[in-house]
Number of protein chains: 2
Amino acid sequence: MSVITVERKVLEKNDQIANELRNKFRSRKIFVINLLSSPGSGKTSLIEKTVEQLKGKFNISVIVGDVQTDNDAMQIGKLNIPVVQIITHSSCHLEAQLVRDAFKKIEDEPIDLLIIENVGNLVCPAGYDLGEDKKVVLLSTTEGDDKPLKYPAMFRNSSALVINKIDLLPYVNSSVEEIKKNAKSINYALNIFEVSCKTSEGIDEWCNWLLNQIKK
Amino acid sequence: MSVITVERKVLEKNDQIANELRNKFRSRKIFVINLLSSPGSGKTSLIEKTVEQLKGKFNISVIVGDVQTDNDAMQIGKLNIPVVQIITHSSCHLEAQLVRDAFKKIEDEPIDLLIIENVGNLVCPAGYDLGEDKKVVLLSTTEGDDKPLKYPAMFRNSSALVINKIDLLPYVNSSVEEIKKNAKSINYALNIFEVSCKTSEGIDEWCNWLLNQIKK
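Computed from a predicted model, the values in this text were never measured in an experiment.

**Q** I'd love a proper account of the overall build of chain A, names of residues and values included.
**A** Looking only at helices and strands, chain A features eight helices and seven strands. In terms of C-alpha radius of gyration, chain A reaches 17 Å, essentially the compact-globule figure of 17 Å for 216 residues. Projecting the C-alpha coordinates of chain A onto the three principal axes gives extents of approximately 50 × 45 × 35 Å. Here chain A holds 216 residues, and the buried ones make up 58% of them. Long-range pairs, those at least 24 residues apart, make up 71% of the contacts in chain A with a sequence separation of at least 6. A total of about 9100 Å² of accessible surface is found on chain A, and carbon and sulfur atoms cover 47% of it. Across chain A, the centroid of the 28 positively charged side chains sits 4 Å from that of the 29 negatively charged ones.

Dropping the structure here:
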């Protein structure tokens, strides 16, 4: 029983900080995405493509979570936007308090869109509110089409699904139709985008959706 | 401080059950692999290929962990070997107690090799001993070559690294040499295998290593 009590307290504390963050983001009209996926699905590549496309229209900042290394922050930093790296060490997900601390380092910047790249993990980050407006889950075609069924919480809690690496479809056994069918069976309201961060196919549609969300 | 205490108790309890399991496996001369990777790296496919190759030589059983669905167990079950599915619901890793309960369902079977397919997650399962002889981490070429640096605990604790989907190398930006260099920088003693579960390339070398481990 003691474990359950402690876990509930941890989540309550997280939700409280997430709500404070959400109020702060809203008062400053910052639209916030919590970007989630397995390791290697292409979160950093999607952020790069998104920043390239929307940089002239909006002020974008990125907070990157990783268990170890600042590789992703260094990569995104080449785009000349404010980037903060959170290294979680052994922890498998971002928590609101980490985002609050990271945000302090960029809060004087003009920001319209804040993208939080979560730790690569399809399980644990699903339960932690970071004060975002929308959770977006990214899935690569190479991961197989059954993943929405096997990791339902992530797909249930997300507003959009970006299916990445569609350029690899001729070489893998996955079907985009099957991914979509399985994802919709978990969350019918999911907005689904098919992209290749390598060829840039589909990036326009994804960015248009994001642009409309920011304007709301 | 209370959280730390509780977490330590959970791990102590896990280690105690893992040790009991290890003693049981050893007394029965069962060689046990704890197979770890991201979602969609090909754990189930590697198990299928391994069982196909070694089935005539050894009695193999499989315990499969998933957050949700019994797809993998149904798939492996087609090979006519004893398979037990553990559905963890929201939990992100297997614990020794779950393996103990699952093993009870197959303990009357003759078993030389027990493969435990962990939940698809490169972070959390690293810390939980399941009584195995060896941890084996699987990484797909599509996940990028920096993953050993970003998820070091998993690679540090493993005895072998299987690099899967080498048939996709012409279409992705990863380099096997870079994966190996990064993995060796974390754990120099790693035995590394390059395979394609699609074309069967490299499966022989992996199975030979496994065969030698079982015979020890």
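**Q** Lay out the relation of the copies chain A and chain B in plain terms, naming residues and giving numbers.
**A** Mapping chain A onto chain B is achieved by rotating through 180 degrees and translating by 0.0 Å along the same axis, at an RMSD of 0.0 Å. Here the two chains are linked by the operation of a two-fold rotation axis. Most of the interface of chain A is mirrored in chain B: 100% of its interface residues are interface residues there too.

**Q** An account of the sheet that holds strand S7 (residues 191-194) of chain B is requested, with residue identities and associated values reported.
**A** Consider a sheet: its strands pair through backbone hydrogen bonds, and that pairing is either parallel or antiparallel. All names here are of chain B. One open sheet holds the seven strands; their spatial order is S3-S2-S4-S1-S5-S6-S7, and the pairing between them is parallel. Strand pairing shows two members of the sheet lacking a second neighbour, strand S3 (83-87) and S7, which therefore form its edges. The sheet shows a mean angle of 20 degrees between the axes of neighbouring strands, taken without regard to direction. The pairing of strand S2 (residues 60-66) with strand S4 (residues 113-117) spans five bridges and is parallel. Note that in S4 the partner of Val 64 across the bridge is Glu 117. The strands touched by helix H2 (residues 43-54) are strand S1 (31-36), S2, S4, strand S5 (134-140) and strand S6 (160-164); relative to S4, the strand with the most contacts, the crossing angle is about 170 degrees.

**Q** Tell me about the interface of chain A and chain B, residues and numbers included.
**A** Contacts between the two partners involve 37 residues from chain A and, on the opposite side, 37 residues from chain B. When chain A packs against chain B, the two sides together hide about 2700 Å² of surface, and 61% of this comes from carbon and sulfur. Remark: the boundary between chain A and chain B carries four salt bridges. For B:Lys150, the salt bridge identified is with A:Asp66, shortest N-O distance 3.5 Å. The interface formed by chain A and chain B holds eleven residue pairs in polar contact (both at pLDDT 80 or more) in total. Mapped by element, the contributors of at least two residues to the side of chain A that touches chain B are helix H1 (2-27), helix H3 (71-77) and helix H5 (147-150) of chain A. Ranked by residues supplied to the side of chain A that touches chain B, first place goes to H1(A) with four residues.

**Q** Give me the lowdown on the side chain of B:Lys43, citing residues and values where you can.
**A** Residue and element names in this part refer to chain B. Position of Lys 43 relative to the elements: it lies in helix H2. This buried residue, Lys 43, is left without a salt bridge; Glu 117 holds the nearest opposite charge, at 4.7 Å. Engagement of the side chain of Lys 43 in a polar contact is seen with the side chain of Ser 37, the distance being 3.0 Å. Setting aside anything within four residues of it in sequence, one finds Lys 43 in contact with Leu 35, Leu 36, Ser 37, Ser 38, Glu 117, Asn 118, Gly 120 and Leu 138.

**Q** Could you give an account of the pairing of strand S4 (residues 113-117) of chain A, with specific residues and numbers?
**A** Within a regular strand, side chains alternate between the sheet's two faces. Residue and element names in this part refer to chain A. Summarising burial for S4: five of the five residues are buried, a large majority. Neither face of S4 is open: one carries Leu 113, Ile 115 and Glu 117, the other Leu 114 and Ile 116, and all of them are buried. Of the strand pairs in this sheet, strand S1 (residues 31-36) and S4 are connected by five bridges, and their pairing is parallel. From the neighbouring strand, Val 32 faces S4, where its bridge partner is Leu 114.

**Q** Report on the environment of A:Leu113, specifying residues and quantitative values.
**A** Residue and element names in this part refer to chain A. Relative to the helices and strands, Leu 113 is located in strand S4. Of the residues examined, Leu 113 reaches a relative accessible area of 0% and is grouped as buried. In the structure, Leu 113 is positioned 60 residues away from Gln 53 in sequence and 13 Å away in space, judged by C-alpha atoms. Look past the residues within four positions of Leu 113 in its chain and what remains in contact with it is Phe 31, Ile 33, Leu 54, Asn 59, Ile 60, Ser 61, Leu 210 and Ile 214.

Basis of the calculations
- Residues numbered from 1 in each chain as written.
- Chains lettered and ligands numbered in written order.
- Predicted model: local features only at pLDDT ≥ 70, side-chain atom pairs only at ≥ 80, totals over all residues.
- Heavy atoms only, no water.
- Helix = DSSP H or I, 4+ residues; strand = E, 2+ residues; numbered from the N terminus.
- Rg over C-alpha atoms; globule rule 2.2 N^0.38 Å.
- Buried < 20%, exposed > 50% of the residue type's maximum accessible area, 1.4 Å probe, protein only.
- Contact = heavy atoms within 4.5 Å.
- Areas by Shrake-Rupley, 256 points an atom, 1.4 Å probe, with all protein chains shown as cover.
- Lys, Arg positive; Asp, Glu negative; His and termini not counted.
- Charge placed at Lys NZ, Arg CZ, Asp CG, Glu CD.
- Least-squares fit on C-alpha atoms with pLDDT ≥ 70 in both.
- Pairing = 2+ DSSP bridges.
- Axes fitted to C-alpha atoms, helices over the stretch in contact; angles between N-to-C directions.
- Buried area = accessible area lost by both parts, 1.4 Å probe.
- Salt bridge = Lys/Arg side-chain N within 4 Å of Asp/Glu carboxyl O.
- Polar contact = N/O pair within 3.5 Å; in protein donor to acceptor, adjacent residues only side chain to side chain.

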